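Close look at the chain arrangement
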Amino acid sequence: MTIVAQGLLASMTSILTILFDGVAYGMLLFVLACGLAVTLGLMNFVNLAHGAFAMAGGYICAVLVNQHGWPFFAALPLAFVGSSLIGAALERLLYRHLYTRSHLDQVLFSIGLVFMSVAAVDYIMGSSRVFIQLPSVLEGQLDVFGVGVGRYRLMIIVICGLLTALLQLVLARTRFGSRLRAAVDDPRAASGLGINVPQVFAFTFAFGCGLAGLGGALSAEILGLDPYFPLKFMIYFLIVVTVGGSSSITGPFLASLLLGIGDVTGKYYVPKMGPFVIYTIMIVILIWRPNGLFGRTAAR
Amino acid sequence: MFVRSHFLLAAGIVAAASALAPQPLAAQEVVKIGLIVPMTGGQASTGKQIDNAVKLYMQQHGDTVAGKKIEVILKDDATLPDNTKRLAQELIVNDKVSIIAGMGVTPSALAVAPLATQAKVPEIVMAAGTSIITERSPYIVRTSFTLAQSSTIIADWAVKNGIKKVATLTSDYAPGNDALNFFKEHFIAGGGEIVEEVKTPLANPDFAPFLQRMKDAKPDAMFVFVPAGQGGNFMKQYAERGLDKAGIKVIGPGDVTDDDLLKDMGDAVLGTVTAHIYSAAHPSAANKEFVAAYKKAYGQRPGFMAVGGYDGINLVYEALKKTGGKADGDSLIAAMKGMKWESPRGPISIDPETRDIVQDVYIRKVEKVDGELYNVEFAKFDAVKDSGKTKK
């Protein structure tokens, strides 16, 4: 009797640990990909170079922490600011000329940007994997009623959870949010009403890049950071956006969680099938709802 | 003033050089070596180490041997076997190289094998570690290691040292499967039990779920093979998940504690026991000299890839000495067979039957030496052959 109960308890705690890891992974995917949801979904621009901004953030954080001795928590906001500045500059210089071009042009342009970023980072930083030195507070696991909770993953969940709430608030409640939604729904009417549509888009783009940069800095520990980051994870970002649909940020958020949990539990319970689980989920959802979980069928 | 003194200096150098050189360079024959390694991409550290080691050897031993001038042509295949093959073809046909060397991964080595056979050009494998490679062409010689060598040894050691239950975590590609199969065979034959077996995808972003599975299986130890570059990430997550505190030791072939990354892996890696062919802490005079020279030249310690490159170029030099400068494939291969020498890793030789390397395999434990993490050798298995072939 007690042995059975113990066994049950043990499997319960490992289920909870797996669930926790899945949520952390999903949250991370969301922060990495939500900028892409904005550019792809809201601005209707196919930006495959999104991962390059994430990588930029990761390397900014790594250089500040490892080479200049900054504390990790001070370097995180800098990763955000740095990536969004790079994003803003590129938007003004390059991206803006491609808004009205066909999707194929956008794809070719942005994939070219990816390869350039890979080569540039490889040249400057070297091709081996970079680790960011973490404060000891973030190392190891906490034991919460027998459930192993990784400190670093806990921090990811807290940061990403707060960010999501903030984003939702900004989009739904603020003047900027309503301007953005208006500019997306009907750019012509919005500019007729005196909304500076290009400016709104530029700001949104930069903000999305900043989020990616923050995600890149956070993910270095878990996903690994090397010059091939934008290529390796491009698929994951695209899955999040296609599965989540692109009408709001709730869709990509739920999709990220679903994929994160699905991926981790899949790898745990059926390790032989591990890498396929995430794609199976995607296929099933897209057959069921071709426009994603929260897609807008009528709008486009 | 300056102009004139420079001019005089230059004139002096020219005069001295022409007086010293016994014969003009043009009359001297050149032996070209095509070195194909990954210098970019995920395996770039392998290529850089080999390139460094070859350059170091040539600085130490000069670029002339048996009256021939050695010229190394470095090519980057970015770990793509198609590239390796194309580059090898260009080197053989256009550059007329006498030897192809390098081969960062198994698929690259296999892609070049038919070319080596057709052109009768020796292929010196300095890194790739799957057993079958040397069977693919009579012109292939290996100076790295095979995974069978280290995996069978660690299995035998584990059985003898009270490790009964093992969970395995290996990367899902040829060398990973080699490592797993040879380990399993020896471990089970010795009375051990495999309680859990997980293969991770080669491009694996996150080890978390696999590690949790390892932890829940409660083994005495986990057998790990991941490609050299992933060892750091693996060890960090191993510690984060508290497997070290749960008393689950890491054992495996030495790739996971590669000297190249070991320094930055953190204290969780302490106590990891691996079987491998080289440690930068190997206590021989030859190795101390090698490590000191390598550190001085490149500012970091050499790993097992560097040693594979160093021994590979040494093999070429020694073979040329033996043939008296004859650089055709058959003479070189005949000279290389059975060759014995003292490498930084210890005494090694080339098996005349298989053209594969025979070497001592060491059991090592990660310890702190002068504040830095090193693989410290504490047991030795003498002159281990590649068991992947001997069964046939």
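Rules used in this analysis
Residues numbered from 1 in each chain as written. Chains lettered and ligands numbered in written order. Predicted model: local features only at pLDDT ≥ 70, side-chain atom pairs only at ≥ 80, totals over all residues. Helix = DSSP H or I, 4+ residues; strand = E, 2+ residues; numbered from the N terminus. Rg over C-alpha atoms; globule rule 2.2 N^0.38 Å. Buried ≥ 20, exposed ≤ 12 C-beta atoms within 10 Å, placed from the backbone. Contact = placed C-beta atoms within 7 Å. Expected span 1.5 Å × (residues − 1). Nonpolar A, V, L, I, M, F, W, Y, C, P; charged D, E, K, R; others polar. Axes fitted to C-alpha atoms, helices over the stretch in contact; angles between N-to-C directions. Parallel < 35°, antiparallel > 145°, perpendicular 65-115°, else oblique. Pairing = 2+ DSSP bridges. Domains from an automatic or database assignment. Right-handed = clockwise from strand over helix to strand, strands pointing away. Left-handed = near helix turned anticlockwise from the far one by under 90°.

Summing up its helical and strand segments, chain A has eleven helices and two strands in all. A compact globule built from 300 residues should have a C-alpha radius of gyration of about 19 Å, and chain A, at 20 Å, falls within 12% of that. C-alpha extents for chain A along the principal axes are approximately 75 × 50 × 35 Å. Counting every position in chain A, which comprises 300 residues, the buried fraction comes to 47%. Summarising the internal contacts of chain A: among those between residues at least 6 apart in sequence, 76% fall at separations of at least 24.

This part takes up the overall build of chain B. When you go through chain B residue by residue, the secondary structure sums to 13 helices and 15 strands. Relative to its length of 392 residues, chain B is compact, with a C-alpha radius of gyration of 22 Å against a globular reference of 21 Å. Seen through its principal axes, chain B has C-alpha atoms that stretch 75 × 55 × 35 Å.

Quick look at helix H6 (residues 174–189) of chain B now. The terminal C-alpha atoms of H6(B), which comprises 16 residues, lie 22 Å apart, in line with the 22 Å expected from a rise of 1.5 Å per residue. For H6(B), every residue scored as buried is listed here: Pro175(B), Gly176(B), Asp178(B), Ala179(B), Leu180(B), Phe182(B), Phe183(B), His186(B) and Phe187(B).

The next subject is the interface of chain A and chain B. Every contact between the two is made by 28 residues of chain A and, on the other side, 23 residues of chain B. Residue assignment for the side of chain A that touches chain B shows that the elements contributing at least two residues are helix H1 (2–42), strand E2 (147–150), helix H8 (197–223), helix H10 (250–269) and helix H11 (274–288) of chain A. Per element, the largest residue contribution to the side of chain A that touches chain B is five residues, and it comes from H1(A). Counted by class, the side of chain A that touches chain B contains eleven nonpolar, ten polar and seven charged residues.

All names here are of chain B. At a closest axis distance of 11 Å, the pairing of helix H2 (residues 44–61) and helix H10 (residues 285–298) adopts a crossing angle of 110°. Of the possible angle classes, the one that applies to H2 and H10 is roughly perpendicular. In contact with Asn52, Leu56 and Gln60 of H2, H10 contributes Ala293, Tyr294, Ala297 and Tyr298. Residues of the contact of H2 with H10, tallied by class, amount to five nonpolar, two polar and no charged.

Okay, the sheet that holds strand E2 (residues 64–65) of chain B next. Residue and element names in this part refer to chain B. The sheet built from six strands is open, its strands ordered E2-E3-E1-E4-E5-E6 with mixed pairing. In this open sheet, the two edge strands, each paired with only one partner strand, are E2 and strand E6 (140–142). Here two bridges tie E2 to strand E3 (residues 68–76), and the two strands are oriented antiparallel to one another. Bridge pairing in E3 links Val65 to Lys68. Where H2 meets the sheet, it contacts strand E1 (30–37), E3 and strand E4 (99–102), and its direction lies at approximately 155° from that of E1. Relative to E1, helix H3 (residues 81–93) is tilted by about 170°, and along the sheet it contacts E1, E3 and E4.

This part covers the domain arrangement of chain B. All names here are of chain B. When the domains of chain B are assigned, the result is domain 1 (25–145 + 283–355) and domain 2 (148–276 + 361–390). Of note, the centres of domain 1 and domain 2, computed from C-alpha atoms alone, are 28 Å apart. Listed per partner, the contact involves 17 residues of domain 1 and 17 residues of domain 2. If you tally residues by element for the side of domain 1 that touches domain 2, the top one is H2, at three residues. Its residues assigned to classes, the side of domain 1 that touches domain 2 shows three nonpolar, eleven polar and three charged.

So, about unusual backbone geometry. All names here are of chain B. Residue Met103 is not a glycine yet carries a positive backbone phi of 70°. Within the secondary structure layout, Met103 lies in the loop between E4 and helix H4 (106–119). According to the C-beta neighbour criterion, Met103 is buried, with 35 such atoms within 10 Å. For Lys120, which is not a glycine, the phi torsion comes out positive at approximately 55°. Locating Lys120 in the fold gives a position in the loop between H4 and strand E5 (123–125).

Turning our attention to the pairing of strand E7 (residues 165–171) of chain B. Residues and elements named next belong to chain B. The buried count for E7 comes to six of seven residues, which makes it a mostly enclosed element. Chirality of the crossover, the property in question, places the unit of E7, H6 and strand E8 (residues 193–200) among those that are right-handed. In the sheet, E7 pairs with strand E9 (residues 221–225) via five bridges, with the strands oriented parallel. Within E9, the residue paired with Thr168 across the bridge is Phe223.

Our next topic: the packing of helix H2 (residues 50–68) of chain A against H8(A). All names here are of chain A. For the pair H2 and H8, interaxial distance at closest approach is 6 Å and the crossing angle is 55°. Here H8 runs oblique to H2, going by the angle between their axes. The crossing of H2 and H8 is right-handed. Touching His50, Phe53, Ala54, Met55, Ala56, Gly57, Gly58, Ile60, Cys61 and Ala62 of H2 are Cys209, Ala212, Gly213, Leu214, Gly215, Gly216, Ala217, Ser219 and Ala220, all from H8. The residue inventory of the contact of H2 with H8, partitioned by class, reads twelve nonpolar, seven polar and no charged.

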